[in-house]
2 protein chains.
Amino acid sequence: MAPPNPTFSPLYQQIKGLLIQSLQNGEWKPGELIPSETELAGRYGVSQGTVRKAIDELAAENLVVRKQGRGTFVATHNEDRAQYRFLRLVSDAGQALVPKSTYLSVDRVRANTDVATLLDIKPSDPVFVVKRTLGFEGIPRIFDEIWLPAAQYKGLTLERLQACDSTLYGFLESAFGVRMLRAVENIKAVSAQSEQADRLHVPEGTPLLMVERQSMTYADQLVELRRGWYVTDQFSYRNELY
Amino acid sequence: MAPPNPTFSPLYQQIKGLLIQSLQNGEWKPGELIPSETELAGRYGVSQGTVRKAIDELAAENLVVRKQGRGTFVATHNEDRAQYRFLRLVSDAGQALVPKSTYLSVDRVRANTDVATLLDIKPSDPVFVVKRTLGFEGIPRIFDEIWLPAAQYKGLTLERLQACDSTLYGFLESAFGVRMLRAVENIKAVSAQSEQADRLHVPEGTPLLMVERQSMTYADQLVELRRGWYVTDQFSYRNELY
DNA sequence: TAGTGGTCTAGACCACGTG
DNA sequence: ACGTGGTCTAGACCACTAT
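Here, residues in each chain are numbered from 1, in the same order as that chain's written sequence. The naming scheme follows written order: chains are lettered A onward, ligands numbered 1 onward. Side-chain atom pairs in this predicted model are given and counted only at pLDDT of 80 or more, local residue features only at pLDDT of at least 70, and totals for whole chains, interfaces and linings cover all residues. Excluding hydrogens and water, the side-chain values take into account all heavy atoms of the structure.

Caption draft 1: Structural context of the pairing of strand S10 (residues 235–241) of chain B. S10(B) sits mainly inside the fold: 5 of its 7 residues count as buried. Looking at chain direction, strand S7 (residues 182–191) of chain A and S10(B) are connected through 5 bridges and run antiparallel. Of the residues in S10(B), the one forming a bridge with Ala183(A) is Leu241(B). At least two bridges found by DSSP between two strands are what make those strands a pair. Helix and strand assignments follow DSSP, with helices taken as H or I runs no shorter than four residues and strands as E runs no shorter than two, numbered in order from the N terminus. Judged from the 3 bridges that link them, strand S3 (residues 89–91) of chain B and S10(B) form a sheet pairing that is antiparallel. Opposite Leu89(B), over in S10(B), you have Tyr237(B) as the bridge partner. Relative accessibility thresholds used throughout: buried, under 20% of the residue-type maximum; exposed, over 50%; partly exposed, between the two (1.4 Å probe, protein chains only).

Caption draft 2: Representation of the sheet that holds strand S9 (residues 222–230) of chain A. In space, the 8 strands of this open sheet follow the order S4(A)-S5(A)-S6(A)-S9(A)-S8(A)-S7(A)-S10(B)-S3(B), with antiparallel pairing throughout. Pairing within the sheet leaves two strands with one partner each, and these edge strands are strand S4 (100–110) of chain A together with S3 of chain B. Across the sheet, the mean angle separating the axes of adjacent strands is 25° when strand polarity is ignored. Against the sheet, helix H6 (residues 168–176) of chain A touches S4, strand S5 (126–136), strand S6 (139–149), strand S8 (207–216) and S9 of chain A, its axis set at about 160° to S9(A). In this analysis, axes come from line fits to C-alpha atoms, helices being fitted only over the stretch in contact, and the angle between any two N-to-C directions falls in the range 0 to 180 degrees. Working rule for contacts: check all heavy atoms of both residues, and any pair within 4.5 Å makes them a contact.

Caption draft 3: Quick peek at the packing of aromatic side chains. Each aromatic pair joins two rings of Phe, Tyr and Trp (for Trp, the six-membered one) with centres within 6.5 Å, and gets the label stacked for planes under 30 degrees apart, edge-to-face for over 60, and tilted for any other angle. Per the stated rule, a full pass over the model turns up 10 aromatic pairs over all chains. Ring geometry for Phe136(A) and Phe235(A): centres 5.3 Å apart, planes at 70°, overall edge-to-face. With Phe136(A) in strand S5 and Phe235(A) in strand S10 (residues 235–241), this pair connects stretches of sequence that are 99 residues apart. The exposure classification of Phe136(A) matches that of Phe235(A), with both residues buried. Taking 5.9 Å as the distance between ring centres and 25° as the angle between the ring planes, the aromatic pair formed by Phe143(B) and Trp229(B) counts as stacked. Residue Phe143(B) is located in strand S6 (residues 139–149), and its partner Trp229(B) is located in strand S9 (residues 222–230); the two are separated by 86 residues in the primary sequence.

Caption draft 4: Structural context of the nonpolar core. Residue types Ala, Val, Leu, Ile, Met, Phe, Trp, Tyr and Cys, when buried and joined through side-chain atoms within 4.5 Å, form a set referred to as a nonpolar core. Judged by nonpolar contacts, the single largest core of 70 residues is most densely connected at Tyr153(A), Leu156(A), Tyr153(B) and Leu156(B). In this view, Leu156(A) contacts Val106(A), Phe128(A), Val130(A), Leu148(A), Leu161(A), Phe171(A) and Phe176(A); residues no more than four positions away in its chain are not counted.

Caption draft 5: Local environment of the relation of the copies chain B and chain A. For the pair chain B and chain A, the superposition axis carries a translation of 0.0 Å, the fit reaches an RMSD of 0.0 Å, and the rotation angle comes to 180°. In the structure described here, the two chain copies are related by an operation that fits a two-fold rotation axis. Taken together, the interface assignments show that 100% of the residues at the interface of chain B recur at the interface of chain A, consistent with an identical surface on both copies. Each copy is superposed on the other by least squares, with the fit set by C-alpha atoms of residues at a pLDDT of at least 70 in both.

Caption draft 6: How the structure looks around the side chain of Arg85(B). Relative to the helices and strands, Arg85(B) is located in the loop between strand S2 (71–74) and S3. Residues adjacent in sequence count toward polar contacts only when both atoms are side-chain atoms; beyond that, a polar contact is any pair of N or O atoms within 3.5 Å, and within protein one must be able to donate a hydrogen and the other to accept it. Separated by 3.2 Å, the side chain of Arg85(B) and the backbone oxygen of Tyr242(A) make a polar contact. In contact with Arg85(B), other than residues within four places in its own chain, are Tyr242(A), Asn62(B), His77(B), Met180(B) and Leu181(B).

So this is what it looks like as C-alpha coordinates:
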(Lines give C-alpha, C1' and ligand atoms only; values in the text may rest on other atoms or scores of the structure.)
Protein backbone atom coordinates (compact mmCIF):
# COMPACT_ATOMS: atom_id res chain seq x y z
CA MET A 1 0.00 0.00 0.00
CA ALA A 2 2.87 2.37 0.70
CA PRO A 3 3.81 4.36 -2.43
CA PRO A 4 7.07 3.39 -4.09
CA ASN A 5 9.88 5.74 -3.30
CA PRO A 6 11.09 7.46 -6.47
CA THR A 7 14.36 8.57 -4.91
CA PHE A 8 15.20 5.16 -3.51
CA SER A 9 18.81 4.69 -2.53
CA PRO A 10 19.95 1.45 -0.93
CA LEU A 11 21.30 1.69 2.59
CA TYR A 12 24.61 0.17 1.56
CA GLN A 13 25.06 2.91 -1.02
CA GLN A 14 24.58 5.54 1.65
CA ILE A 15 27.09 3.74 3.87
CA LYS A 16 29.47 3.58 0.93
CA GLY A 17 29.13 7.35 0.59
CA LEU A 18 29.96 7.85 4.27
CA LEU A 19 32.99 5.60 3.94
CA ILE A 20 34.19 7.56 0.91
CA GLN A 21 33.84 10.76 2.92
CA SER A 22 36.03 9.35 5.66
CA LEU A 23 38.59 8.31 3.06
CA GLN A 24 38.47 11.68 1.35
CA ASN A 25 38.78 13.78 4.51
CA GLY A 26 41.75 11.74 5.65
CA GLU A 27 40.22 10.00 8.64
CA TRP A 28 41.88 6.87 7.28
CA LYS A 29 45.05 7.46 5.30
CA PRO A 30 46.51 5.43 2.42
CA GLY A 31 48.00 2.18 3.64
CA GLU A 32 46.18 2.34 6.96
CA LEU A 33 43.76 -0.20 8.41
CA ILE A 34 40.15 0.93 8.53
CA PRO A 35 37.81 -0.18 11.35
CA SER A 36 36.43 -3.70 11.20
CA GLU A 37 33.10 -4.41 9.58
CA THR A 38 31.40 -5.04 12.91
CA GLU A 39 32.73 -1.80 14.36
CA LEU A 40 31.52 0.18 11.35
CA ALA A 41 28.17 -1.57 11.55
CA GLY A 42 27.87 -0.35 15.14
CA ARG A 43 28.95 3.16 14.25
CA TYR A 44 26.38 3.52 11.48
CA GLY A 45 23.65 1.51 13.13
CA VAL A 46 23.29 -1.06 10.36
CA SER A 47 24.00 -4.74 10.11
CA GLN A 48 27.43 -6.10 9.35
CA GLY A 49 26.20 -7.47 6.03
CA THR A 50 25.23 -4.01 4.86
CA VAL A 51 28.67 -2.61 5.69
CA ARG A 52 30.13 -5.60 3.91
CA LYS A 53 28.28 -4.84 0.69
CA ALA A 54 29.43 -1.21 0.83
CA ILE A 55 33.06 -2.26 1.31
CA ASP A 56 32.67 -4.86 -1.43
CA GLU A 57 32.07 -2.06 -3.91
CA LEU A 58 34.94 0.04 -2.60
CA ALA A 59 37.20 -2.98 -2.99
CA ALA A 60 35.94 -3.58 -6.54
CA GLU A 61 36.88 0.02 -7.37
CA ASN A 62 40.31 -0.42 -5.78
CA LEU A 63 39.71 2.24 -3.15
CA VAL A 64 40.40 -0.27 -0.41
CA VAL A 65 42.06 -3.67 -0.23
CA ARG A 66 40.69 -6.55 1.84
CA LYS A 67 43.05 -9.00 3.49
CA GLN A 68 41.45 -11.99 5.11
CA GLY A 69 42.40 -12.42 8.72
CA ARG A 70 43.98 -8.96 8.88
CA GLY A 71 41.41 -6.37 7.93
CA THR A 72 40.63 -3.82 5.25
CA PHE A 73 43.26 -1.29 4.21
CA VAL A 74 43.11 1.99 2.34
CA ALA A 75 44.60 1.47 -1.12
CA THR A 76 47.89 3.23 -1.81
CA HIS A 77 50.21 3.71 -4.76
CA ASN A 78 53.14 3.21 -2.40
CA GLU A 79 54.51 0.03 -0.89
CA ASP A 80 51.89 -2.10 -2.58
CA ARG A 81 53.07 -4.40 -5.27
CA ALA A 82 50.40 -2.25 -6.95
CA GLN A 83 53.24 -0.22 -8.45
CA TYR A 84 52.34 1.14 -11.87
CA ARG A 85 48.72 0.09 -11.37
CA PHE A 86 47.62 1.94 -14.50
CA LEU A 87 50.48 0.90 -16.78
CA ARG A 88 49.85 -2.41 -18.50
CA LEU A 89 52.72 -3.32 -20.77
CA VAL A 90 53.88 -6.71 -21.98
CA SER A 91 57.07 -7.42 -23.83
CA ASP A 92 56.85 -9.27 -27.14
CA ALA A 93 58.24 -12.25 -25.23
CA GLY A 94 55.17 -12.08 -23.01
CA GLN A 95 56.68 -10.83 -19.76
CA ALA A 96 55.39 -7.93 -17.71
CA LEU A 97 57.73 -4.94 -17.78
CA VAL A 98 58.98 -2.70 -14.99
CA PRO A 99 60.11 0.66 -16.29
CA LYS A 100 62.61 3.05 -14.71
CA SER A 101 61.72 6.71 -14.86
CA THR A 102 63.99 9.68 -15.57
CA TYR A 103 62.66 13.14 -14.84
CA LEU A 104 63.77 15.75 -17.36
CA SER A 105 62.09 18.99 -16.39
CA VAL A 106 59.38 20.68 -14.36
CA ASP A 107 57.98 24.02 -15.49
CA ARG A 108 55.26 26.22 -14.12
CA VAL A 109 53.21 27.64 -16.99
CA ARG A 110 49.71 28.85 -17.77
CA ALA A 111 47.31 26.31 -19.23
CA ASN A 112 46.37 26.78 -22.84
CA THR A 113 42.72 26.26 -23.78
CA ASP A 114 43.39 22.70 -24.86
CA VAL A 115 44.92 21.62 -21.57
CA ALA A 116 42.50 23.71 -19.53
CA THR A 117 39.52 21.98 -21.12
CA LEU A 118 40.92 18.53 -20.52
CA LEU A 119 41.74 19.37 -16.89
CA ASP A 120 38.45 21.20 -16.33
CA ILE A 121 40.20 24.36 -15.12
CA LYS A 122 40.21 27.92 -16.41
CA PRO A 123 42.53 28.82 -19.29
CA SER A 124 45.56 30.65 -17.94
CA ASP A 125 45.32 28.84 -14.60
CA PRO A 126 48.83 27.83 -13.54
CA VAL A 127 49.90 24.25 -14.16
CA PHE A 128 53.10 22.30 -13.74
CA VAL A 129 54.43 20.57 -16.83
CA VAL A 130 56.54 17.55 -16.01
CA LYS A 131 58.56 15.82 -18.69
CA ARG A 132 60.10 12.45 -18.16
CA THR A 133 61.02 9.24 -19.88
CA LEU A 134 60.40 5.65 -18.89
CA GLY A 135 63.04 3.19 -19.93
CA PHE A 136 63.72 -0.50 -19.98
CA GLU A 137 67.31 -1.59 -19.46
CA GLY A 138 68.49 1.95 -19.84
CA ILE A 139 66.77 2.63 -23.16
CA PRO A 140 64.03 5.30 -23.07
CA ARG A 141 60.92 3.88 -24.65
CA ILE A 142 58.17 6.16 -23.31
CA PHE A 143 58.17 9.95 -23.23
CA ASP A 144 55.57 11.54 -20.96
CA GLU A 145 54.32 15.11 -20.78
CA ILE A 146 52.32 15.53 -17.60
CA TRP A 147 50.15 18.52 -16.68
CA LEU A 148 49.29 19.04 -13.01
CA PRO A 149 47.04 21.88 -11.80
CA ALA A 150 49.44 23.95 -9.71
CA ALA A 151 46.84 24.69 -7.05
CA GLN A 152 47.02 21.14 -5.75
CA TYR A 153 50.75 20.57 -5.97
CA LYS A 154 52.32 23.59 -4.28
CA GLY A 155 56.07 23.26 -3.99
CA LEU A 156 56.61 20.67 -6.70
CA THR A 157 60.15 20.81 -8.07
CA LEU A 158 62.32 18.75 -10.37
CA GLU A 159 64.70 18.07 -7.49
CA ARG A 160 61.96 16.51 -5.35
CA LEU A 161 60.85 14.30 -8.21
CA GLN A 162 64.39 13.18 -8.94
CA ALA A 163 65.05 12.49 -5.27
CA CYS A 164 61.99 10.32 -4.90
CA ASP A 165 62.42 6.63 -5.48
CA SER A 166 58.78 5.61 -5.67
CA THR A 167 56.25 5.89 -8.45
CA LEU A 168 55.05 9.31 -9.58
CA TYR A 169 51.60 8.53 -8.21
CA GLY A 170 53.14 7.26 -4.99
CA PHE A 171 55.04 10.49 -4.65
CA LEU A 172 52.04 12.72 -5.41
CA GLU A 173 50.03 10.75 -2.88
CA SER A 174 52.47 11.07 -0.02
CA ALA A 175 53.73 14.59 -0.83
CA PHE A 176 50.45 16.27 -1.73
CA GLY A 177 47.73 13.90 -0.55
CA VAL A 178 46.38 13.54 -4.08
CA ARG A 179 45.09 10.04 -4.69
CA MET A 180 44.68 8.83 -8.28
CA LEU A 181 41.64 6.58 -8.23
CA ARG A 182 40.48 6.30 -11.80
CA ALA A 183 41.67 7.27 -15.24
CA VAL A 184 40.44 7.40 -18.81
CA GLU A 185 42.79 6.91 -21.74
CA ASN A 186 42.43 7.78 -25.42
CA ILE A 187 44.91 6.03 -27.65
CA LYS A 188 46.07 6.89 -31.16
CA ALA A 189 48.92 6.11 -33.50
CA VAL A 190 50.99 9.14 -34.52
CA SER A 191 54.29 10.04 -36.17
CA ALA A 192 57.18 11.05 -33.95
CA GLN A 193 57.74 14.82 -33.98
CA SER A 194 61.15 16.32 -33.26
CA GLU A 195 60.98 16.44 -29.46
CA GLN A 196 59.58 12.94 -29.14
CA ALA A 197 62.06 11.54 -31.64
CA ASP A 198 64.84 13.22 -29.72
CA ARG A 199 63.81 11.95 -26.30
CA LEU A 200 63.15 8.43 -27.53
CA HIS A 201 66.22 8.08 -29.76
CA VAL A 202 64.18 7.24 -32.85
CA PRO A 203 63.97 8.98 -36.24
CA GLU A 204 61.28 11.58 -36.81
CA GLY A 205 58.26 10.01 -38.39
CA THR A 206 58.57 6.74 -36.46
CA PRO A 207 55.08 5.47 -35.59
CA LEU A 208 54.38 5.97 -31.90
CA LEU A 209 51.54 5.02 -29.66
CA MET A 210 50.10 8.23 -28.22
CA VAL A 211 48.27 7.69 -24.94
CA GLU A 212 46.34 10.60 -23.50
CA ARG A 213 45.28 10.05 -19.91
CA GLN A 214 42.96 12.02 -17.66
CA SER A 215 43.24 10.97 -14.01
CA MET A 216 40.69 11.58 -11.32
CA THR A 217 40.51 11.58 -7.57
CA TYR A 218 37.41 11.57 -5.34
CA ALA A 219 34.21 12.93 -6.89
CA ASP A 220 35.80 12.45 -10.32
CA GLN A 221 37.83 15.60 -9.87
CA LEU A 222 40.44 15.85 -12.63
CA VAL A 223 43.94 16.09 -11.13
CA GLU A 224 46.23 15.06 -13.97
CA LEU A 225 46.47 15.21 -17.72
CA ARG A 226 49.18 13.25 -19.43
CA ARG A 227 50.28 12.52 -22.96
CA GLY A 228 52.66 9.64 -23.42
CA TRP A 229 54.46 8.56 -26.58
CA TYR A 230 55.43 4.89 -26.67
CA VAL A 231 57.95 3.14 -28.92
CA THR A 232 56.13 -0.14 -29.34
CA ASP A 233 58.47 -2.28 -31.39
CA GLN A 234 59.53 -4.36 -28.40
CA PHE A 235 56.36 -4.34 -26.30
CA SER A 236 52.62 -3.72 -26.43
CA TYR A 237 49.96 -1.94 -24.50
CA ARG A 238 47.82 -4.68 -22.98
CA ASN A 239 44.09 -4.58 -22.46
CA GLU A 240 41.58 -7.13 -21.25
CA LEU A 241 37.96 -7.15 -22.38
CA TYR A 242 34.96 -8.78 -20.74
CA MET B 1 39.69 -28.57 16.60
CA ALA B 2 38.83 -29.72 13.10
CA PRO B 3 41.78 -29.34 10.72
CA PRO B 4 41.44 -26.59 8.12
CA ASN B 5 40.53 -27.85 4.70
CA PRO B 6 43.41 -27.20 2.28
CA THR B 7 41.25 -27.67 -0.82
CA PHE B 8 38.50 -25.38 0.37
CA SER B 9 36.17 -24.16 -2.34
CA PRO B 10 33.18 -22.02 -1.43
CA LEU B 11 29.78 -23.46 -2.18
CA TYR B 12 28.83 -20.52 -4.37
CA GLN B 13 31.88 -21.18 -6.53
CA GLN B 14 30.76 -24.75 -7.05
CA ILE B 15 27.27 -23.53 -7.92
CA LYS B 16 28.82 -21.04 -10.32
CA GLY B 17 30.65 -23.93 -11.98
CA LEU B 18 27.40 -25.85 -12.38
CA LEU B 19 25.69 -22.81 -13.86
CA ILE B 20 28.55 -22.36 -16.32
CA GLN B 21 28.17 -26.01 -17.34
CA SER B 22 24.50 -25.47 -18.07
CA LEU B 23 25.36 -22.39 -20.12
CA GLN B 24 28.10 -24.21 -21.97
CA ASN B 25 26.09 -27.31 -22.83
CA GLY B 26 23.26 -25.20 -24.14
CA GLU B 27 20.65 -25.93 -21.49
CA TRP B 28 20.01 -22.18 -21.52
CA LYS B 29 20.71 -20.46 -24.84
CA PRO B 30 21.86 -16.88 -25.49
CA GLY B 31 19.06 -14.42 -24.93
CA GLU B 32 16.98 -16.89 -22.93
CA LEU B 33 15.71 -16.57 -19.38
CA ILE B 34 17.38 -18.84 -16.87
CA PRO B 35 15.46 -20.30 -13.88
CA SER B 36 14.78 -18.01 -10.95
CA GLU B 37 17.14 -17.86 -8.03
CA THR B 38 14.73 -19.68 -5.76
CA GLU B 39 14.21 -22.46 -8.29
CA LEU B 40 17.95 -22.91 -8.74
CA ALA B 41 18.37 -22.90 -4.96
CA GLY B 42 15.91 -25.78 -4.78
CA ARG B 43 17.58 -27.66 -7.61
CA TYR B 44 21.03 -27.49 -6.04
CA GLY B 45 19.90 -27.77 -2.44
CA VAL B 46 21.42 -24.51 -1.27
CA SER B 47 19.99 -21.25 -0.06
CA GLN B 48 18.83 -18.53 -2.40
CA GLY B 49 21.60 -16.24 -1.16
CA THR B 50 24.24 -18.70 -2.28
CA VAL B 51 22.79 -18.93 -5.78
CA ARG B 52 22.63 -15.15 -5.78
CA LYS B 53 26.33 -14.82 -5.08
CA ALA B 54 27.13 -17.27 -7.88
CA ILE B 55 24.97 -15.35 -10.35
CA ASP B 56 26.49 -12.08 -9.12
CA GLU B 57 29.85 -13.24 -10.41
CA LEU B 58 28.45 -14.45 -13.71
CA ALA B 59 26.80 -11.06 -14.17
CA ALA B 60 30.06 -9.28 -13.33
CA GLU B 61 31.76 -11.32 -16.07
CA ASN B 62 28.96 -10.47 -18.53
CA LEU B 63 27.95 -14.11 -18.96
CA VAL B 64 24.42 -13.29 -17.85
CA VAL B 65 22.39 -10.11 -17.50
CA ARG B 66 20.06 -9.43 -14.57
CA LYS B 67 16.85 -7.50 -15.08
CA GLN B 68 14.98 -6.60 -11.98
CA GLY B 69 11.40 -7.76 -11.98
CA ARG B 70 11.94 -9.94 -15.06
CA GLY B 71 14.70 -12.43 -14.33
CA THR B 72 18.22 -13.32 -15.37
CA PHE B 73 19.06 -13.77 -19.05
CA VAL B 74 21.93 -15.44 -20.87
CA ALA B 75 24.11 -12.74 -22.41
CA THR B 76 24.14 -12.52 -26.18
CA HIS B 77 25.96 -10.55 -28.84
CA ASN B 78 22.66 -10.27 -30.72
CA GLU B 79 19.70 -8.02 -30.03
CA ASP B 80 21.35 -6.50 -26.99
CA ARG B 81 22.38 -2.91 -27.24
CA ALA B 82 25.57 -4.77 -26.29
CA GLN B 83 26.52 -4.53 -29.97
CA TYR B 84 30.25 -4.16 -30.42
CA ARG B 85 30.78 -4.93 -26.74
CA PHE B 86 34.54 -5.22 -27.24
CA LEU B 87 35.03 -2.19 -29.49
CA ARG B 88 35.47 1.02 -27.56
CA LEU B 89 35.99 3.94 -29.88
CA VAL B 90 35.30 7.62 -29.34
CA SER B 91 35.42 10.31 -31.97
CA ASP B 92 37.61 13.32 -31.37
CA ALA B 93 34.37 15.19 -30.75
CA GLY B 94 33.72 12.81 -27.88
CA GLN B 95 30.85 10.75 -29.27
CA ALA B 96 30.67 6.99 -29.36
CA LEU B 97 30.97 5.54 -32.83
CA VAL B 98 28.94 2.85 -34.59
CA PRO B 99 30.88 1.31 -37.45
CA LYS B 100 29.49 -0.40 -40.53
CA SER B 101 31.33 -3.51 -41.66
CA THR B 102 32.17 -4.61 -45.19
CA TYR B 103 33.34 -8.18 -45.72
CA LEU B 104 36.02 -8.52 -48.37
CA SER B 105 37.04 -12.17 -48.44
CA VAL B 106 36.97 -15.50 -46.68
CA ASP B 107 39.71 -18.07 -47.34
CA ARG B 108 40.39 -21.47 -45.96
CA VAL B 109 44.11 -21.88 -45.36
CA ARG B 110 46.54 -23.74 -43.13
CA ALA B 111 47.73 -21.93 -40.03
CA ASN B 112 51.33 -20.81 -40.01
CA THR B 113 53.30 -21.29 -36.82
CA ASP B 114 52.65 -17.72 -35.75
CA VAL B 115 48.87 -17.97 -35.98
CA ALA B 116 48.82 -21.53 -34.67
CA THR B 117 50.66 -20.48 -31.52
CA LEU B 118 48.33 -17.58 -30.86
CA LEU B 119 45.25 -19.76 -31.42
CA ASP B 120 46.68 -22.69 -29.47
CA ILE B 121 46.17 -25.11 -32.38
CA LYS B 122 48.58 -27.24 -34.40
CA PRO B 123 50.51 -25.64 -37.26
CA SER B 124 48.90 -26.59 -40.56
CA ASP B 125 45.49 -26.97 -38.92
CA PRO B 126 42.89 -25.41 -41.22
CA VAL B 127 41.68 -21.91 -40.41
CA PHE B 128 39.41 -19.42 -42.07
CA VAL B 129 40.89 -16.01 -42.82
CA VAL B 130 38.28 -13.29 -42.96
CA LYS B 131 39.17 -9.84 -44.22
CA ARG B 132 36.87 -6.91 -43.73
CA THR B 133 36.77 -3.19 -43.14
CA LEU B 134 34.84 -1.14 -40.64
CA GLY B 135 33.82 2.29 -41.79
CA PHE B 136 32.22 5.44 -40.51
CA GLU B 137 30.02 7.34 -42.93
CA GLY B 138 31.22 5.22 -45.80
CA ILE B 139 34.93 5.73 -45.18
CA PRO B 140 36.89 2.60 -44.20
CA ARG B 141 38.85 3.34 -41.07
CA ILE B 142 39.62 -0.13 -39.69
CA PHE B 143 40.97 -3.12 -41.60
CA ASP B 144 40.61 -6.47 -39.84
CA GLU B 145 42.26 -9.80 -40.57
CA ILE B 146 40.47 -12.48 -38.59
CA TRP B 147 41.60 -16.07 -38.11
CA LEU B 148 39.02 -18.65 -37.08
CA PRO B 149 39.89 -22.32 -36.41
CA ALA B 150 37.96 -24.10 -39.18
CA ALA B 151 36.95 -26.97 -36.92
CA GLN B 152 34.47 -24.79 -35.09
CA TYR B 153 33.05 -22.85 -38.00
CA LYS B 154 32.15 -25.50 -40.60
CA GLY B 155 30.39 -23.97 -43.58
CA LEU B 156 31.52 -20.39 -43.13
CA THR B 157 31.42 -18.50 -46.41
CA LEU B 158 31.77 -14.93 -47.57
CA GLU B 159 28.19 -14.96 -48.79
CA ARG B 160 26.82 -15.85 -45.37
CA LEU B 161 28.83 -13.09 -43.75
CA GLN B 162 27.70 -10.54 -46.30
CA ALA B 163 24.08 -11.61 -45.95
CA CYS B 164 24.09 -11.25 -42.19
CA ASP B 165 23.08 -7.89 -40.78
CA SER B 166 24.22 -8.38 -37.22
CA THR B 167 27.62 -8.13 -35.62
CA LEU B 168 30.31 -10.68 -36.51
CA TYR B 169 30.15 -12.04 -32.98
CA GLY B 170 26.37 -12.09 -33.16
CA PHE B 171 26.56 -14.09 -36.35
CA LEU B 172 29.16 -16.55 -35.05
CA GLU B 173 27.04 -17.05 -31.95
CA SER B 174 23.80 -17.83 -33.76
CA ALA B 175 25.34 -19.69 -36.71
CA PHE B 176 27.98 -21.77 -34.91
CA GLY B 177 27.09 -21.53 -31.23
CA VAL B 178 30.46 -19.97 -30.44
CA ARG B 179 30.17 -17.40 -27.68
CA MET B 180 32.93 -14.81 -27.29
CA LEU B 181 33.18 -14.21 -23.56
CA ARG B 182 36.55 -12.63 -22.98
CA ALA B 183 39.39 -11.19 -25.01
CA VAL B 184 42.93 -9.95 -24.58
CA GLU B 185 44.35 -7.22 -26.78
CA ASN B 186 47.93 -6.16 -27.48
CA ILE B 187 48.24 -2.75 -29.06
CA LYS B 188 51.10 -1.23 -31.01
CA ALA B 189 51.73 1.64 -33.40
CA VAL B 190 52.94 0.56 -36.85
CA SER B 191 53.43 1.92 -40.35
CA ALA B 192 50.85 1.10 -42.99
CA GLN B 193 52.06 -1.61 -45.37
CA SER B 194 50.71 -1.89 -48.88
CA GLU B 195 47.61 -3.98 -48.22
CA GLN B 196 46.55 -1.94 -45.22
CA ALA B 197 47.22 1.35 -47.01
CA ASP B 198 45.17 0.08 -49.92
CA ARG B 199 42.20 -1.02 -47.87
CA LEU B 200 42.17 2.10 -45.73
CA HIS B 201 42.78 4.63 -48.50
CA VAL B 202 45.85 6.09 -46.83
CA PRO B 203 49.46 6.37 -48.02
CA GLU B 204 51.92 3.63 -47.17
CA GLY B 205 53.81 4.56 -44.03
CA THR B 206 50.82 6.22 -42.37
CA PRO B 207 50.93 5.49 -38.63
CA LEU B 208 48.26 2.96 -37.72
CA LEU B 209 47.08 1.51 -34.47
CA MET B 210 47.58 -2.25 -34.64
CA VAL B 211 45.30 -4.17 -32.32
CA GLU B 212 45.89 -7.89 -31.93
CA ARG B 213 43.03 -9.66 -30.20
CA GLN B 214 42.72 -13.19 -28.87
CA SER B 215 39.13 -14.12 -28.02
CA MET B 216 38.02 -16.90 -25.75
CA THR B 217 34.91 -18.86 -25.01
CA TYR B 218 34.16 -21.12 -22.04
CA ALA B 219 37.17 -22.59 -20.25
CA ASP B 220 39.31 -19.90 -21.87
CA GLN B 221 39.36 -21.83 -25.12
CA LEU B 222 40.80 -19.65 -27.89
CA VAL B 223 38.32 -19.30 -30.75
CA GLU B 224 39.48 -16.21 -32.62
CA LEU B 225 42.64 -14.34 -33.48
CA ARG B 226 42.33 -10.94 -35.06
CA ARG B 227 44.64 -8.19 -36.17
CA GLY B 228 43.07 -4.82 -36.80
CA TRP B 229 44.69 -1.71 -38.27
CA TYR B 230 43.03 1.55 -37.24
CA VAL B 231 43.34 4.97 -38.85
CA THR B 232 43.16 7.08 -35.72
CA ASP B 233 43.22 10.63 -36.93
CA GLN B 234 39.50 11.14 -36.31
CA PHE B 235 38.92 8.89 -33.32
CA SER B 236 40.66 7.09 -30.47
CA TYR B 237 40.70 3.73 -28.81
CA ARG B 238 39.20 4.31 -25.37
CA ASN B 239 40.21 2.56 -22.18
CA GLU B 240 39.17 3.01 -18.58
CA LEU B 241 41.48 2.25 -15.67
CA TYR B 242 40.60 1.58 -12.05
C1' DT C 1 -1.78 -9.78 -8.18
C1' DA C 2 1.98 -12.71 -8.74
C1' DG C 3 6.71 -13.44 -9.58
C1' DT C 4 11.33 -11.74 -10.11
C1' DG C 5 15.55 -9.71 -8.60
C1' DG C 6 17.32 -6.30 -4.84
C1' DT C 7 17.98 -5.08 0.02
C1' DC C 8 18.50 -5.86 4.88
C1' DT C 9 18.84 -8.42 9.00
C1' DA C 10 20.66 -11.71 12.63
C1' DG C 11 23.15 -15.38 13.66
C1' DA C 12 26.21 -19.41 12.97
C1' DC C 13 30.33 -21.18 11.45
C1' DC C 14 34.85 -21.31 8.62
C1' DA C 15 39.53 -19.79 6.94
C1' DC C 16 43.27 -16.88 7.69
C1' DG C 17 46.79 -14.13 10.06
C1' DT C 18 48.88 -12.72 14.36
C1' DG C 19 50.17 -13.14 18.90
C1' DA D 1 43.30 -17.92 21.53
C1' DC D 2 41.58 -14.10 19.34
C1' DG D 3 39.96 -10.99 15.82
C1' DT D 4 39.43 -10.31 11.01
C1' DG D 5 37.21 -11.05 6.70
C1' DG D 6 34.59 -14.98 4.07
C1' DT D 7 30.65 -18.14 3.67
C1' DC D 8 26.05 -19.78 4.38
C1' DT D 9 21.46 -19.72 6.01
C1' DA D 10 16.50 -18.31 6.67
C1' DG D 11 13.34 -15.04 6.59
C1' DA D 12 11.29 -10.40 5.92
C1' DC D 13 10.38 -6.75 3.10
C1' DC D 14 11.02 -3.54 -1.11
C1' DA D 15 11.17 -2.27 -6.12
C1' DC D 16 10.22 -3.49 -10.70
C1' DT D 17 7.71 -5.89 -14.57
C1' DA D 18 4.19 -8.31 -16.59
C1' DT D 19 -0.48 -9.93 -16.76
